[in-house]
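One letter stands for each residue in the lines below.
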Amino acid sequence: GQSLEQPSEVTAVEGAIVQINCTYQTSGFYGLSWYQQHDGGAPTFLSYNALDGLEETGRFSSFLSRSDSYGYLLLQELQMKDSASYFCAVFTGNQFYFGTGTSLTVIP
Amino acid sequence: GAVVSQHPSWVICKSGTSVKIECRSLDFQATTMFWYRQFPKQSLMLMATSNEGSKATYEQGVEKDKFLINHASLTLSTLTVTSAHPEDSSFYICSASTIQGLQETQYFGPGTRLLVL
């Protein structure tokens, strides 16, 4: 089966940096994606890593280590609007499988 | 970015009726669309992968006769929940994927909330 693990909840202060980890075990691996989902909404795409290393997109960065089956999403200069659920997802070549999700709460 | 629409956004129906949900890619062609179900405070669970012109591939535990998927064109996939029951009440989300170089990107529709009474 497919397994993607994330911390269930994270709380951080506005302006700080937070890292959300994702470890995975899947049959097949093409890349790791990250999505943000606000309450009541659909997921929105944040990043995709097919190769090892760090990808930076504005305040968000995503890292992948294929040998460790591990990745993380780094959020810098946290804002209140970043409070949401964050999901990692593995693309196996045919499907995307989602992690358990991390609920991020940003406090003043 | 690419846009995916879903219709309807809300459905309330009686137990035993069938409900059809449409998923459209508005500004790109999607050879593959995905259907997910999400219960409150939980992750997205992949139900099936829909390929244009062929039968959908269902995940283990998903009844293909209950959740009928039709991918008639490169821009439209439909999910029909047949003989809906209260336990089918959920948030159903479709997505369409595109490939740009090495990047496989999934764009989600806004979702359909189904409530079965």
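Residues numbered from 1 in each chain as written. Chains lettered and ligands numbered in written order. Predicted model: local features only at pLDDT ≥ 70, side-chain atom pairs only at ≥ 80, totals over all residues. Heavy atoms only, no water.

Points about the interface of chain B and chain A
- Taken residue by residue, the interface counts 23 residues in chain B and 21 residues in chain A.
- Both sides together, the interface formed by chain B and chain A hides about 1600 Å², and carbon and sulfur atoms give 61% of it.
- Here chain B is connected to chain A by 0 salt bridges.
- The interface formed by chain B and chain A holds 6 residue pairs in polar contact (both at pLDDT 80 or more) in total.
- Looking at the side of chain B that touches chain A element by element, the count peaks at 5 residues for strand 10 (residues 103-108) of chain B. (Contact = heavy atoms within 4.5 Å. Buried area = accessible area lost by both parts, 1.4 Å probe. Salt bridge = Lys/Arg side-chain N within 4 Å of Asp/Glu carboxyl O. Polar contact = N/O pair within 3.5 Å; in protein donor to acceptor, adjacent residues only side chain to side chain. Helix = DSSP H or I, 4+ residues; strand = E, 2+ residues; numbered from the N terminus.)

Focus on the state of the cysteines
- One pass over the full model with this rule turns up 2 disulfides over all chains.
- A sulfur-sulfur distance of 2.1 Å marks the disulfide that ties A:Cys22 to A:Cys88. On the sign convention where negative is left-handed, the bridge of A:Cys22 and A:Cys88, at about 70° about the S-S bond, is right-handed. Residue A:Cys22 is located in strand 3 (residues 18-25), and its partner A:Cys88 is located in strand 9 (residues 84-91); the two are separated by 66 residues in the primary sequence. In terms of burial, A:Cys22 and A:Cys88 fall into one category: buried.
- No disulfide involves B:Cys13; its sulfur sits 18 Å from that of B:Cys94, the nearest cysteine. (Disulfide = S-S within 2.5 Å. Buried < 20%, exposed > 50% of the residue type's maximum accessible area, 1.4 Å probe, protein only.)

Overview of the sheet that holds strand 1 (residues 3-5) of chain A
All names here are of chain A.
- On the basis of which strands lie adjacent, the open sheet formed by 5 strands has the order 1-3-8-7-6 and antiparallel pairing. One side of each edge strand has no neighbouring strand; the edge strands of this open sheet are strand 1 and strand 6 (53-57). Mean inter-strand twist for the sheet, computed between neighbouring axes without regard to direction, equals 15°.
- Pairing of strand 7 (residues 60-65) with strand 8 (residues 70-75), which is carried by 6 bridges, proceeds in the antiparallel orientation. Within the sheet, the bridge partner assigned to serine 62 lies in strand 8 and is leucine 73. (Pairing = 2+ DSSP bridges. Axes fitted to C-alpha atoms, helices over the stretch in contact; angles between N-to-C directions.)

Side note on the sheet that holds strand 7 (residues 67-73) of chain B
Residues and elements named next belong to chain B.
- Taken together, 4 strands build an open sheet; the order of strands is 1-3-8-7 and the sheet is antiparallel. At either margin of the open sheet sits one strand with a lone partner, and together these are strand 1 (4-7) and strand 7. Shown here is a sheet whose adjacent strand axes are inclined to one another by a mean of 15°, direction ignored.
- As judged from the 5 bridges shared by strand 7 and strand 8 (residues 76-81), these two strands associate in the antiparallel manner. Looking across to strand 8, one finds that asparagine 70 is bridged to threonine 78.

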